[in-house]
Every structure is written in C-alpha cells, then in structure tokens.
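The chain contents come next:
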Amino acid sequence: MKGVDFPIFNTKTTGVVEKFDLNSPEGRAKYFQAKAGPEIEKLKKYLETKTFVAFLMGKKNSGKGTYSKLFMEAVGPIRNRSPLSPSGARLRAGEISNGVNRVGHISVGDVVRDVHKAIKTGEGKKELMAFLEKNYRGFHSLEEVENIIMGRDTKSLVSSEVIVALLQYEISKRPRQAIFIDGFPRALDQIGYSLMLRQVLGYREDPDFLVFISVPESVIDARIKARVICPICHTPRSLKLAPTVFIGQDEATGEFYLMCDDPKCNKARMVTKEGDELGIEPIRDRLELDDVIFKRLLDLKGLPQIKLRNSIPADKAWDFIEKYEVTPMYSYKKGVDGKIEVIEEPWLVKDDDGVECVSLLPASVALGFIKQTAEVLGL
Ligand SMILES: [Zn+2]
C-alpha cells in the first residue's frame, strides 16, 4: 500500500439535516456551529488562558495553510480587541494583529522570506541580529548566517540550526498565541530538532502535537493544474474545482476563464502561473521526501497525533459524509442564448492506491481537525 489508511471521520451528526454552503464564511460558521459547537466553545475557553504548538505534516500543496486558516476562522479572534495587553501596556507595533488571533499559522518559507526582507531593507534587522546573537547555536558565525539567508553563500543551504533560531524568533513575537507550524521538519535531519522545539522555546509549557494531512497525489496534481490567481489581489481559485461567480470565454481561443469576484478588482481575468500546467511533475522529488518524513513521524511515540484525510473511497463515502461536503467538479459550455452555463458534477479521483475516491471540501476536513484537536487537548 502506497498511501496511508487513516480512519474515516464521520461528519454525520444525529439531528442535523440542514445543508450548508461550505464555500461562504457565513455557511461555514453555521456548519461548524451545528457540527462542532461544544468543541469550539471548549477550544475558545482553553485558548483564553493557554496555547499549544502543533506541527502540520503533509506533502507540499496538501492544504496545510488552508486547513489551519479554517481552524482559525472557526475558533475566531479573542474577545478583547483592545490594543492593550492584559497588564495595560500598549503592545508594540506588529503585535496588535498577533494579539487578536487565538491561533496563528507560521510557515517556515514565509519566515525565511520575511527575515530576508528585514536584512535587505534594514527594517527589524537590529532586533533579529540581537536575537540570533543571544539564541542561535550552530556552526556558522552570525555573518555567515546572514550570507546564507541572503543567498550570497550559494554552497550552504539554510541549516537546521538557523531554521530553529528563526522559528524561535518568530514564535517569540507571539507569546500568547497557539501555533501551527508549517514546513518543519521538512528534512530528515530536522526531525530531532522538531522533537526538542518545545524545550528550546523554554518558557512555553504548552502541549504539542502532530497533525498529519493525507491527500492523494492526484488531488494535488489537479489543484496545481487548475489553479489560477487574480493578477491584482492574488486570490487563488480554480477553474475546475473552485470557480468565482464570474466566468468569461476567450473570443480567440474559446477557452473559459474566471474573473475575480472581489469588487475592488473590477472583474480582472484570473491567470495561470507558468509551469502550473505541469502539475506535480516538477515537485515529484520533494513530494517523495515529504512522504518519507511523513511516514517516519507516523511511527513516533510520545506525541499525540491528529490524522486528517482528504479522500474517502466512493463506495462507502455516504455512510460517513453528506453530499454537500464533497468537492464538485465544474465545467462550462455556451448555451443557445449565448450565456455561459456552469456544469457541476461529482468529482471522482483515484487515491495513491488506485481506489476511486471523493475529495472532501476544506471545511469538512477542518471539522475533523477541530474535533480531534479538542480531543488531543483533553477538553
Ligand atoms: Zn482580485
């Protein structure tokens, strides 16, 4: 067996017969409330005084960012929106936005990019370097670390010790926030560091746990091939899997395309990023390494695990989930009246073992995420 066989999470809740629109924030709020109301209340209460550190494990493009954003959406910001800390002291610049979210998502890729920018522009560089001087332990001098981050040293990769120090730096800016860490460990030699991270953070006595996200490669491939972004606001959508409300047809080629539905973007035509038509081919090595680390960590003892699966075998799906929780596939045709018709049908994909599956909408995966998190925290 090539894939992993995670338990199928049953989202059918006795008594809830209502259908929900999982593509709108309002619909999702009702859905989460109906299906996980008590867990969300417990999580909110927990997060008023406590935090956690969770490592998101899944292949590139498996939806780690999307699922944690939906988790954050469901749990919501803290009640106190005042820009004052509990002691009454005014928060430093940049702390306000961190302070209102109970939960944050830290992508290692973004952290490295931010630090790169800080060094380049000089803004925040002094604080960063002072932090590294105090906290970095590794084989490079600070000057070498700077050169590596800036890519001036092309021979050395950003080492695990540097990544740990940069993560520490980012986390130190969010003292009262529960955190999802995305992109670490992403190399075999980083696994040991991830186990020690809670100790490295020292002052934190939060529980830590692992979140495994299993998504068939065919789903990742389809997501990449069909994704388009707005050239103005950069919102990602998908012609096949997540269209906007405005569809256009290219007069020259006959191709259908999406237009951004953010009013500020004035129906800008959404575009494909060059190379996306190749799907997972260019990242195949990376996916394989992600898979090795994923499976290695699945064997780890001593850390609680949350297991999320995106796909469910089609022949038993309806025993566990509702039709509206499944990702549909969209296609388009021009009607006789010249208007573009949107055709919605069930999307069937083969999982990594060739079994025909349906793919859950992100909100439905997030529901399992919320419930399992409450369980892992003992709420
Ligand atoms: Zn836009």
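Residues numbered from 1 in each chain as written. Predicted model: local features only at pLDDT ≥ 70, side-chain atom pairs only at ≥ 80, totals over all residues. Heavy atoms only, no water.

Caption draft 1: How the structure looks around the pattern of salt bridges. Counted under the stated rule, the structure contains 19 salt bridges. Between Arg 113 and Asp 110 there is a salt bridge, with the nearest N and O atoms lying 2.8 Å from each other. Of this pair, Arg 113 and Asp 110 both sit in helix α4 (residues 108-121), 3 residues apart, which is roughly one turn of that helix. Since its relative accessible area comes to 37%, Asp 110 is described here as partly exposed. (Salt bridge = Lys/Arg side-chain N within 4 Å of Asp/Glu carboxyl O. Helix = DSSP H or I, 4+ residues; strand = E, 2+ residues; numbered from the N terminus. Buried < 20%, exposed > 50% of the residue type's maximum accessible area, 1.4 Å probe, protein only.)

Caption draft 2: Summary view of the sheet that holds strand β14 (residues 356-359). Here 3 strands make up an open sheet; going across it, the order is β10-β14-β13 and the pairing antiparallel. Each end of this open sheet is capped by a strand with a single partner; those strands are β10 (311-313) and β13 (348-350). Neighbouring strand axes in the sheet, compared pairwise and without regard to direction, differ in orientation by 50 degrees on average. In the sheet, β13 pairs with β14 via 3 bridges, with the strands oriented antiparallel. Bridge pairing in β14 places Lys 350 opposite Glu 356. (Pairing = 2+ DSSP bridges. Axes fitted to C-alpha atoms, helices over the stretch in contact; angles between N-to-C directions.)

Caption draft 3: View of the coordination of the zinc ion. Taken together, Cys 230 (SG), Cys 233 (SG), Cys 260 (SG) and Cys 265 (SG) make up the protein donors of the zinc ion, found 2.3 Å from the metal. Relative to the metal, the 4 donor atoms surrounding the zinc ion lie at angles of 107 to 113 degrees, and the coordination shape comes out tetrahedral. Here Cys 230 falls in the buried class, since its relative accessible area comes to 0%. According to the relative accessible area criterion, Cys 265 is buried, its value standing at 3%. (Donors = N, O, S within 2.8 Å, 3.2 Å for Na, K, Ca; no water. Tetrahedral: all angles 85-135°; square planar, octahedral: opposite > 155°, others 65-115°.)

Caption draft 4: Local environment of the nonpolar core. Formed by 56 residues in total, the largest nonpolar core has its most connected members in Phe 32, Phe 52, Phe 71, Val 211 and Phe 369. The residues touching Phe 369, leaving out its near neighbours within four places in the chain, are Leu 56, Tyr 67, Ser 68, Phe 71, Phe 180, Val 211, Ile 306 and Leu 308. One finds Phe 55, Val 115, Met 150 and Ile 171 within the second-largest nonpolar core, a separate group that totals 38 residues. (Core = buried A, V, L, I, M, F, W, Y, C linked by side-chain atoms within 4.5 Å. Contact = heavy atoms within 4.5 Å.)

Caption draft 5: Structural view of the pairing of strand β12 (residues 340-346). As paired elements, strand β11 (residues 328-334) and β12 share 7 bridges and run antiparallel to each other. Bridge assignment links Ser 331 to a residue of β12, and that residue is Ile 343. Here β11 folds back onto β12 in antiparallel fashion, the turn holding 5 residues, of which Gly 338 has a positive phi close to 85 degrees.

Caption draft 6: Seen up close, the pairing of strand β2 (residues 103-107). The element β2 is extensively covered by neighbouring structure, given that 5 of its 5 residues are classed as buried. Judged by which residues are buried, β2 turns out to be covered on both faces: Val 103, His 105 and Ser 107 on one side and Gly 104 and Ile 106 on the other are all buried. Summarising the sheet, β2 and strand β3 (residues 178-182) pair through 5 bridges and their orientation is parallel. Within the sheet, the bridge partner assigned to Ser 107 lies in β3 and is Asp 182.

Caption draft 7: Spatial organisation of the sheet that holds strand β4 (residues 208-214). Sheet architecture is open: 5 strands sit in the order β2-β3-β1-β4-β9, paired in parallel fashion. Sheet topology places β2 and β9 (305-309) at the edges, where each strand pairs with a single neighbour. Across the sheet, the mean angle separating the axes of adjacent strands is 20 degrees when strand polarity is ignored. Pairing of β4 with β9, which is carried by 5 bridges, proceeds in the parallel orientation. Of the residues in β9, the one forming a bridge with Leu 210 is Gln 305.

Caption draft 8: Local environment of the confidence of the model for the protein. Mean pLDDT over the protein stands at 88; residues scoring 70 or higher make up 92%. Below a pLDDT of 50 lies the segment residues 80-99, which in the model reaches 15 contacts outside its immediate sequence neighbourhood of four places, other chains included. (pLDDT = per-residue confidence, 0-100.)

Caption draft 9: Inspection of the packing of α4 against helix α5 (residues 125-135) at higher detail. At a minimum axis separation of 8 Å, α4 and α5 run at an interaxial angle of 115 degrees. Between α4, through Val 115, Ala 118 and Ile 119, and α5, the contact on the second element is made entirely by Lys 125, Leu 128 and Met 129. Each residue belonging to the contact of α4 with α5 can be placed in one class, and the counts come to 5 nonpolar, no polar and 1 charged. (Nonpolar A, V, L, I, M, F, W, Y, C, P; charged D, E, K, R; others polar.)

Caption draft 10: Molecular detail of unusual backbone geometry. Of note, the bond from Phe 184 into Pro 185 is cis; its omega dihedral lies within 30 degrees of zero at 0 degrees. Relative to the helices and strands, Pro 185 resides in the loop between β3 and α8 (191-201). Phi is positive for Asn 266, which is not a glycine, with a value near 55 degrees. Relative to the helices and strands, Asn 266 resides in the loop between β8 (256-259) and α10 (284-298). A residue is classified by how much of its surface remains accessible, and Asn 266, at 68% relative accessible area, is exposed.

Caption draft 11: Broad picture of α8. Taken together, the buried positions of α8 are occupied by Ile 191, Ser 194, Leu 197 and Leu 201. The arc enclosing the buried residues of α8, seen along the axis, measures out at 85 degrees, which places them on a common side. (Arc of directions from axis to C-beta.)

Caption draft 12: View of the packing of aromatic side chains. In the structure shown here, the tally under the stated rule is 14 aromatic pairs. Ring geometry for Phe 6 versus Phe 294: centroids 6.2 Å apart, planes at 20 degrees, classification stacked. With Phe 6 in the segment before α1 (25-49) and Phe 294 in helix α10, this pair connects stretches of sequence that are 288 residues apart. This pair shows no difference in class: Phe 6 is buried, exactly as Phe 294 is. Each ring, one from Phe 71 and one from Phe 180, has its centre 5.1 Å from the other, and the planes form 85 degrees; the classification is edge-to-face. Here Phe 71 is found in helix α2 (residues 64-75), whereas its partner Phe 180 is found in strand β3, with 109 residues between them in sequence. By relative accessible area, Phe 180 is classed as buried at 0%. Between Arg 269 and the ring centre of Tyr 257, over which it is positioned, the NZ or CZ distance is 3.8 Å. (Phe/Tyr/Trp six-rings, centres within 6.5 Å; stacked < 30°, edge-to-face > 60°. Lys NZ or Arg CZ within 6 Å of the ring centre and 35° of its normal.)

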